[in-house]
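Here's the letter readout for the chains.
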Amino acid sequence: MEREIAIVGAPSSIGIRPYDSGEPMQLDRAPGVLRELGLVQRLGASDLGDVIPPAYRDYVRPPGRVRNEAEVGAYCRKLGERTAAATSNGRFAVVLGGDCSIVLGCLLGARHSAQGSVGLIYIDAHADFGAPEESHTGSAASMCLALAVA
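Residues numbered from 1 in each chain as written. Predicted model: local features only at pLDDT ≥ 70, side-chain atom pairs only at ≥ 80, totals over all residues. Heavy atoms only, no water.

Reading across the sheet, the three strands line up as β2-β1-β3 and stay open at both edges, with parallel pairing between neighbours. If you trace the sheet from one side to the other, it starts and ends with β2 (46–50) and β3 (92–97), each paired once. With direction set aside, neighbouring strand axes in the sheet form an average angle of 20°. Two elements, strand β1 (residues 5–10) and β3, share six bridges in a ladder whose sense is parallel. Residue pairing for β3: Ala-10 is matched across the bridge by Gly-97. Of the strands in this sheet, β1, β2 and β3 touch helix α3 (residues 69–86), which is tilted by about 165° from β1. (Pairing = 2+ DSSP bridges. Helix = DSSP H or I, 4+ residues; strand = E, 2+ residues; numbered from the N terminus. Axes fitted to C-alpha atoms, helices over the stretch in contact; angles between N-to-C directions. Contact = heavy atoms within 4.5 Å.)

A volume near 990 Å³ is recorded for the largest pocket. Of all elements in the fold, only α1 (30–36), β3 and α4 (102–114) reach the threshold of two or more residues within the lining of the largest pocket. With seven residues, α4 is the single largest residue contributor to the lining of the largest pocket. A per-class count over the lining of the largest pocket returns 20 nonpolar, eight polar and four charged. (1 Å grid on protein atoms, 1.4 Å probe; cavity = no way out; pocket = protein on both sides within 12 Å on 5 of 7 lines; lining within 4 Å. Points joined across faces, edges and corners; volume = space filled by probe spheres on them. Nonpolar A, V, L, I, M, F, W, Y, C, P; charged D, E, K, R; others polar.)

Another point: the packing of α3 against α4. Two packed helices can be described by the angle between their axes and the distance between those axes. Between α3 and α4, the shortest axis-to-axis distance is 7 Å and the interhelical angle comes to 40°. Here α3 lies oblique to α4, going by the angle between them. In this structure, α3 crosses over α4, and the sense of that crossing is right-handed. Seen from α3, the contacting residues are Tyr-75, Cys-76, Arg-77, Leu-79, Gly-80, Thr-83 and Ala-84; seen from α4, they are Ile-102, Leu-104, Gly-105, Cys-106, Leu-108, Gly-109, Ala-110, His-112 and Ser-113. Within the contact of α3 with α4, the residues separate by chemical class into nine nonpolar, six polar and one charged. (Parallel < 35°, antiparallel > 145°, perpendicular 65-115°, else oblique. Left-handed = near helix turned anticlockwise from the far one by under 90°.)

Together, Val-33, Leu-34 and Leu-37 give the surface a local cluster of nonpolar side chains, amounting to about 240 Å² of exposed area. Here Val-33 lies in helix α1. (Patch = residues over 30% accessible without salt bridge, like charges linked within 9 Å, V, L, I, M, F, W, Y side chains within 5 Å. Areas by Shrake-Rupley, 256 points an atom, 1.4 Å probe, with all protein chains shown as cover. Salt bridge = Lys/Arg side-chain N within 4 Å of Asp/Glu carboxyl O.)

This brings us to α4. The terminal C-alpha atoms of α4, which comprises 13 residues, lie 18 Å apart, in line with the 18 Å expected from a rise of 1.5 Å per residue. Turning to α4, its buried residues are Ile-102, Val-103, Leu-104, Gly-105, Cys-106, Gly-109 and Ala-110. Looking at the buried residues of α4, the elements they touch are β1, α3, β3 and α5 (144–149). At the exit of α4 stands Gln-115, carrying a positive phi of roughly 55°. (Expected span 1.5 Å × (residues − 1). Buried < 20%, exposed > 50% of the residue type's maximum accessible area, 1.4 Å probe, protein only.)

Inspection of every chain in the model, using the stated rule, returns six salt bridges. Between Asp-47 and Arg-35 there is a salt bridge; the shortest N-O distance is 2.7 Å. Of the two residues, Asp-47 sits in strand β2 while Arg-35 sits in helix α1, which places them 12 residues apart along the sequence. On the basis of relative accessible area, Asp-47 is assigned to the partly exposed category, the value being 35%. Note that Arg-35 and Asp-50 form a salt bridge whose closest N and O atoms lie 2.7 Å from each other. One end of the pair, Arg-35, is in helix α1; the other, Asp-50, is in strand β2, with 15 residues separating them in the sequence. Note on Asp-50: relative accessible area 31%, which makes it partly exposed. Salt bridges sharing common partners tie together Arg-35, Asp-47 and Asp-50.

Structural measurements only, silent on function.
Given below as structure tokens:
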């Protein structure tokens, strides 16, 4: 069975602590770079564009909390809407991110569209199962899978 593929860009760095200099990590560049390298054409996909995140706010970690908690939540809801649209009509969604916190919006949208259980292919160098009280950084990106299964 062949399925249409829909690309969604999630150019976000709001879920990860900035460098010590205060400069945001440039993970938000990944979707654009992947498009420039021809990923959309190679997959024969439809490109549904980018979901633009709000600005980074919590340069100082709130005690015992997740950095940019409200912003990450709002962004993931918007990303979830776009992901639901991407997976409508049986399409397979490929989300190009950004920091790891985008997985929350992806799962939200896919679950809404599927109206049930969904699968996830997750490739990262870290487990991302930290909890806010364990995290050294307070970055949602380092605890996104823990937040997803909570």
